Amino acid sequence: MSASIQVPQSAPLEFADQVDFTGGLNMSDEWFKLGQNETPECLNVVFDSMGGFRSRRGAVRLNTVGEASMPSSLWSYGDGSTYQMMAHVGTSLRYSTGGNFSAAGTLGTLSGPSFGATYSGIGYVARNAQDTTMSWNGTTLSALTDAHLGYDADYNSPSGTKAPRAKFVTSQHDRLWLGYTSEGGTDFPNRVRFSFVGDPASYLSTDYIDIDVGTTGGDEITAMVAVGDHVLVFKKHSVHMIMGYDQASFQVIDIRNGLGAVSQQGVTVGERGVFFFDHSEGLQLYVPPTQRGNDSDPFIDVFSKLRRLMRDDVIDDTTVAAEVQVGIVGDQVWLFLPNLSLAEDF
């Protein structure tokens with residue numbers, strides 16, 4: 001007795017013309033959501049605004065001599081004629097003008113990264129709120145006096161030698177702004193202090209702003225940048241702006257709850273606004289009022305087509321805060337993320 005075997009016939013291949021790739025990458029697992037101008041997979045290519053694509057540019061080493069360890073943070077310094085890349089490596093601050101890194105000085109043993117901002121040709125380095133803020137003039141790294149040991153008496157008697165201990169620093173409106181301060185051994189994770197006008201190393205004891213204390217579940221400042229005419233303050237679950245031009249006019253506007261930045265490394269400022277990485281929603285864009293008008297939504301979700309990576313745990317949420325990096329090179333945003341499923345991060 002014999003039995004016949006039915007062999008299923010494969011469906012004929014269907015071809016579709018791909019006119020352009022203006023939609024870019026779409027990693028949705030629902031194929032019917034894939035647009036005709038999108039692709040579900042690509043590697044080492046760059047899409048252009050006209051819908052074409054080309055191979056990603058190559059990379060060359062900035063330094064031929066390796067560093068002792070991976071930098072915990074990078075920032076740029078410039079005084080108008082000299083431009084340097086600054087790197088926090090181990091316990092040291094190092095700098096490069098386009099080649100191998102050289103020693104700038106010692107930062108000390110810190111449990112987190114340092115960050116810097118430049119004001120009038122001087123770089124100011126916030127040392128994770130664990131030690132005094134330092135200054136850098138392109139050749140010499142110097143420690144400032146902890147402002148909490150003796151604030152300036154009034155605006156007519158600036159010392160020019162002090163700064164609060166803080167985790168984050170930026171410059172705006174002829175002032176230096178420092179966030180997440182440590183004062184007399186007590187951390188103030190919601191506090192932002194600002195310097196005298198035109199004097200980034202002088203401070204009054206009363207010149208500070210506490211951001212949204214107690215209303216976001218004990219959240220703390222995670223990043224701070226200057227954009228447009230205001231200072232943008234990020235927490236993990238909220239975003240705030242400081243508006244105004246002097247002590248009498250400064251005000252805090254809570255512009256979004258439910259979105260925030262995972263870290264200072266996860267924030268970068270570009271021509272379109274501020275790109276930042278939220279721990280659950282991914283990469284977002286904040287557009288300042290001067291570029292969008294006051295009535296439109298200031299936030300744009302630029303990660304919607306990639307969010308499956310987070311939902312499927314391809315991106316590790318437990319390490320994303322420590323490892324995510326967002327930066328801008330030319331007219332492109334670069335995003336570095338920790339990855340669970342591959343041997344290397346992407």
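Residues numbered from 1 in each chain as written. Predicted model: local features only at pLDDT ≥ 70, side-chain atom pairs only at ≥ 80, totals over all residues. Heavy atoms only, no water.

Caption draft 1: Examining the packing of aromatic side chains more closely. A complete count under the given rule lists 10 aromatic pairs for this structure. Their ring planes at 70 degrees and their centres at 5.0 Å tell us that Phe-194 and Phe-250 sit as a pair that is edge-to-face. On the criterion of sequence distance, the pair formed by Phe-194 in strand E17 (residues 186-194) and Phe-250 in the loop between strand E21 (238-243) and strand E22 (251-257) is long-range, its members being 56 residues apart. The burial state of Phe-194 is the same as that of Phe-250; both residues are buried. Summarising the aromatic geometry, the rings of Phe-277 and Phe-303 are spaced 5.7 Å apart at their centres and angled 80 degrees between planes, so their arrangement reads as edge-to-face. Pair noted here: Phe-277 is in strand E24 (residues 274-278) and Phe-303 is in the loop between strand E26 (299-301) and helix H2 (308-311), with a separation of 26 residues, a long-range link. Under the relative-accessibility criterion, Phe-277 is labelled buried at 0%. Residue classification places Phe-303 among the buried residues on the basis of a relative accessible area of 2%. What links up through ring pairs into an aromatic cluster is the set Phe-234, Phe-276, Tyr-286 and Phe-299. One residue, Arg-191, lies across the ring of Phe-188, its end atom 4.1 Å from the ring centre. If you follow Arg-191 out to its NZ or CZ, it ends over the ring of Tyr-208, 3.8 Å from the centre. (Phe/Tyr/Trp six-rings, centres within 6.5 Å; stacked < 30°, edge-to-face > 60°. Helix = DSSP H or I, 4+ residues; strand = E, 2+ residues; numbered from the N terminus. Buried < 20%, exposed > 50% of the residue type's maximum accessible area, 1.4 Å probe, protein only. Lys NZ or Arg CZ within 6 Å of the ring centre and 35° of its normal.)

Caption draft 2: Spotlight on the side chain of Asp-199. Position of Asp-199 relative to the elements: it lies in the loop between E17 and strand E18 (208-210). The residues touching Asp-199, leaving out its near neighbours within four places in the chain, are Tyr-119, Pro-158, Gly-160 and Asp-174. (Contact = heavy atoms within 4.5 Å.)

Caption draft 3: Local environment of the sheet that holds strand E16 (residues 175-183). Pairing within the open sheet is antiparallel, and its 4 strands lie in the order E15-E16-E17-E18. Edge positions in the open sheet fall to strand E15 (165-172) and E18, since each of these has one partner strand only. Taken over all neighbouring pairs, the strand axes of this sheet differ in orientation by 25 degrees on average, direction set aside. With 7 bridges connecting them, E15 and E16 associate as antiparallel partners. Its bridge partner being in E16, Val-169 is matched across the sheet by Leu-178. (Pairing = 2+ DSSP bridges. Axes fitted to C-alpha atoms, helices over the stretch in contact; angles between N-to-C directions.)

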